[in-house]
Amino acid sequence: MTPHPAPAPQRLSRALTAARHFAGLDPAVGPAVPAISMPMHMGLDALSCVVTAPGAASAVFAKAFHAGALDPFTFAGAAEAAGRAGAAAVAPRLLEADAQQQVLLFEPAPDGVRMALARDAQKPAVKAAIVAAKKRWHRQPLLTCDLSPFELARDYAARLEPHLAPGSATALPYKGTVPFAGLTEWIGRIGAALSAAGVDRTPLHGENTVSNVLLDPGGAILLVDFDRAVNADPLYDLGALSLDLCRTEEERMELVEMYDGRPDAALLARLKLYAIVDDFLWGCWALLAELNPAMNGPEFFKYASNRFLRASHNLGAFDVALLVGKI
């Protein structure tokens, strides 16, 4: 039987002791990034903090994953994507990856860089810079792992269904105007339609909230959190990004035009379908987090409910039955 992993703070301490960056030094761990699910999504699946030491070449940003937080993604996949994204100057550079302790050490962001807010990202120039960074990542060589959003949806749904059944001893709350089984069926129909139409295959970012964008005073941006980066349809990233950046049909088409160079009704349809899929996936993820003793907390219920409610709403608002015929 595999032993239960040690808590993240213990594994972080071990990783820092073994880190080449701090060899012979006494690293000091700074305050952890607060775990917040509402109104933003940050610090939820790992203990993240800045680590310093007198005599070190620089501080580092450390990320120690909570046990089970990445499942079914892997630490190896997260480390590969982080290394590739840093080398491509799309993200902060990865300095070290400790597979045994499940810890990543990154070069700190440059001075003056801060987390973007929704009001920043909705400015046309910043929005265009975010889309351009996603596109640069999509043009990178393929990663080792392929995992479509629909394979992930089936995995999450299979793990959740026993906890949503009436009378379950480990019942979890589901709130959505469309029942979970019905929402799952719609996700399957969307997947079948996209598969039949054919999709591209590129590296995805996979975590498209605005809180995963770093912005400098001049408007340049970096992306962070490539922990769930796999090869799949790049329009997934655009659809997920639209949830934070777009409020109207015109703004969604503007996002398509920024990405593809021209307005395209078929790409707009894909964007809207993937927006629904992204809400479903993160709603499932948040409920499953409640089953993980290393992560659970009441905010996950609220986060899951909001995601499921928006997915349910957009099924009707986007007229999905019509959209699948446009792709």
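Owing to the predicted nature of the structure, the values given are computational and were not obtained by experimental measurement.

## Notes on the overall build of the chain
Along its length, the chain carries 11 helices and 10 strands. Taking 20 Å as the expected radius of gyration for a compact globule of 327 residues, we find that the chain reaches 20 Å, a close match to that expectation. Each of the 327 residues in the chain was classed as buried or not, and the buried ones make up 51%. A separation of at least 24 residues holds for 71% of the contacts in the chain among residues at least 6 apart in sequence. Summing over all exposed atoms, the chain offers an accessible surface of approximately 14,500 Å²; the carbon and sulfur share of this is 57%. Between the mean site of the 29 positive side-chain charges and the mean site of the 34 negative ones, the chain shows a separation of 2 Å.

## Observations concerning the sheet that holds strand β6 (residues 114-115)
On the basis of which strands lie adjacent, the open sheet formed by 3 strands has the order β6-β8-β9 and antiparallel pairing. Only two strands of the sheet have a single partner each, and these edge strands are β6 and β9 (221-223). Across 2 bridges, the pairing between β6 and strand β8 (residues 213-215) is antiparallel. Paired with Met-115 across the strands is Leu-214, a residue of β8.

## Side note on empty space enclosed by the protein
Under the definition given, this model contains 3 cavities of 30 Å³ or more. In this structure, the largest cavity is lined by 14 residues; those nearest its centre are Phe-73, Leu-152, Gly-206, Tyr-236 and Leu-281. Where the lining of the largest cavity is concerned, the elements lending two or more residues are α5 (149-164) and α9 (265-289). Broken down by class, the residue content of the lining of the largest cavity amounts to 11 nonpolar, 2 polar and 1 charged. Volume-wise, the second largest cavity comes out at about 70 Å³. Around the second largest cavity sit His-41, Glu-207, Asn-208, Thr-209, Asn-212, Ala-240, Leu-243, Asp-244, Asp-278, Trp-282, Arg-307 and Arg-310, which together line it.

Calculation notes
- Residues numbered from 1 in each chain as written.
- Predicted model: local features only at pLDDT ≥ 70, side-chain atom pairs only at ≥ 80, totals over all residues.
- Heavy atoms only, no water.
- Helix = DSSP H or I, 4+ residues; strand = E, 2+ residues; numbered from the N terminus.
- Rg over C-alpha atoms; globule rule 2.2 N^0.38 Å.
- Buried < 20%, exposed > 50% of the residue type's maximum accessible area, 1.4 Å probe, protein only.
- Contact = heavy atoms within 4.5 Å.
- Areas by Shrake-Rupley, 256 points an atom, 1.4 Å probe, with all protein chains shown as cover.
- Lys, Arg positive; Asp, Glu negative; His and termini not counted.
- Charge placed at Lys NZ, Arg CZ, Asp CG, Glu CD.
- Pairing = 2+ DSSP bridges.
- 1 Å grid on protein atoms, 1.4 Å probe; cavity = no way out; pocket = protein on both sides within 12 Å on 5 of 7 lines; lining within 4 Å.
- Points joined across faces, edges and corners; volume = space filled by probe spheres on them.
- Nonpolar A, V, L, I, M, F, W, Y, C, P; charged D, E, K, R; others polar.

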